[in-house]
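Commentary on secondary and tertiary structure
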Amino acid sequence: MEIANVFMQRAIELSKLGMQGGKGGPFGCVIVKDGKIVGEGYNQVTSNNDPTAHAEITAIRDACKKLQTFQLDGCEIYTSCEPCPMCLGAIYWARPDKIYFANTREDAQSIGFDDSFIYDEIPLAITARKIPMEQLNRDAAKLVFDEWNNKTDKIEY
């Protein structure tokens, strides 16, 4: 079996383990670097009461902790389903080299995991979104941004 299939099979296995263990939805993920799994995760939304505990997020947290870094350069992500908008954003921030996925977002939608409303909201103007947004205290917050901009010992990311 091709090595990529082995890693994807592990992600699928994790999706089943988490689901059967009552941890959350049927999603699993592994992160690989130099041919070795450095992070694993499965959906834990309902068991942790954490809407951000998707498989990709938990795997990213696991890999970054083990690798002692906040970026996943040189890594590949194997996930049992096409990442949702939140996970896709987290993956882009983590900067892996490649993403492999099994099920599509349409497959997820067919079993009740529909992210289309988020995809629909993203391009809308702030005033047109379903959850109201209001800007407050920009001047005070901008001072902190200015301080960051002038900070000489910051770690860029």
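Residues numbered from 1 in each chain as written. Predicted model: local features only at pLDDT ≥ 70, side-chain atom pairs only at ≥ 80, totals over all residues. Heavy atoms only, no water.

**Structural notes on the pairing of strand E3 (residues 75–81)**
Of all the seven residues making up E3, six are buried; the element is thus mostly covered by neighbouring parts of the structure. Bridge count between strand E1 (residues 28–33) and E3: five bridges; the pairing is antiparallel. Residue pairing for E3: Ile-31 is matched across the bridge by Ile-77. Here E3 pairs with strand E4 (residues 98–103) via five bridges, running parallel. Each bridged residue has a counterpart across the sheet, and for Ile-77 the counterpart in E4 is Ile-99. (Buried < 20%, exposed > 50% of the residue type's maximum accessible area, 1.4 Å probe, protein only. Helix = DSSP H or I, 4+ residues; strand = E, 2+ residues; numbered from the N terminus. Pairing = 2+ DSSP bridges.)

**Describing the sheet that holds E3**
Sheets are built from strands paired through backbone hydrogen bonds, the pairs being either parallel or antiparallel. Across the sheet, four strands lie side by side as E2-E1-E3-E4; this open sheet has mixed pairing. Each edge of the open sheet is held by one strand with a lone partner, namely strand E2 (36–42) and E4. Neighbour-to-neighbour, the strand axes of the sheet open up by a mean angle of 15°, direction not taken into account. The pairing of E1 with E2 spans six bridges and is antiparallel. Across the sheet, Val-32 pairs through a bridge with Ile-37, a residue of E2. (Axes fitted to C-alpha atoms, helices over the stretch in contact; angles between N-to-C directions.)

**Structural notes on the pattern of salt bridges**
Working definition: two side chains of opposite charge can pair if their charged atoms are close together. Overall, the coordinates contain nine salt bridges when judged by the stated rule. The partner of Arg-10 in a salt bridge is Glu-13, with the nearest N and O atoms 2.3 Å apart. Within this pair, Arg-10 and its partner Glu-13 are both found in helix H1 (residues 3–20), separated by three residues, close to a single helical turn. For Arg-10, a relative accessible area of 23% translates into the label partly exposed. A salt bridge links Asp-153 to Lys-151; the shortest N-O distance between them is 2.8 Å. Asp-153 sits in the exposed class, given a relative accessible area of 55%. (Salt bridge = Lys/Arg side-chain N within 4 Å of Asp/Glu carboxyl O.)

**Focus on helix H3 (residues 55–67)**
Taking 1.5 Å of rise per residue, the 13 residues of H3 would be expected to cover 18 Å, and the 18 Å separating its terminal C-alpha atoms lies within 8% of that figure. All of the buried residues along H3 are Ala-55, Glu-56, Ile-57, Thr-58, Ala-59, Ile-60, Ala-63 and Cys-64. Elements that come into contact with the buried residues of H3 comprise E1, E2, E3 and helix H4 (85–94). Phi turns positive one or two residues past the end of H3, at Gln-68, with a value near 55°. (Expected span 1.5 Å × (residues − 1). Contact = heavy atoms within 4.5 Å.)

**Re the side chain of Glu-121**
By the secondary structure assignment, Glu-121 is in helix H6 (residues 116–121). Within the structure, Glu-121 has its side chain in polar contact with the backbone nitrogen of Lys-130 (distance 2.9 Å). With sequence-adjacent residues up to four places away left out, Glu-121 is seen in contact with Arg-129, Lys-130 and Ile-131. (Polar contact = N/O pair within 3.5 Å; in protein donor to acceptor, adjacent residues only side chain to side chain.)

**Some points on the environment of Trp-93**
In this structure, Trp-93 sits in helix H4. Trp-93 sits 22 residues away from Gln-71 along the chain, and the two C-alpha atoms are 7.4 Å apart.

**Here we look at unusual backbone geometry**
Negative phi is the rule for most residues except glycine; trans is the rule for most peptide bonds. Positive phi values are uncommon outside glycine, yet Asp-34 reaches one of about 50°. Examined against the element boundaries, Asp-34 turns out to sit in the loop between E1 and E2. In this structure, Gln-68 is a non-glycine residue whose phi angle is positive, near 55°. Assignment of secondary structure puts Gln-68 in the loop between H3 and E3.

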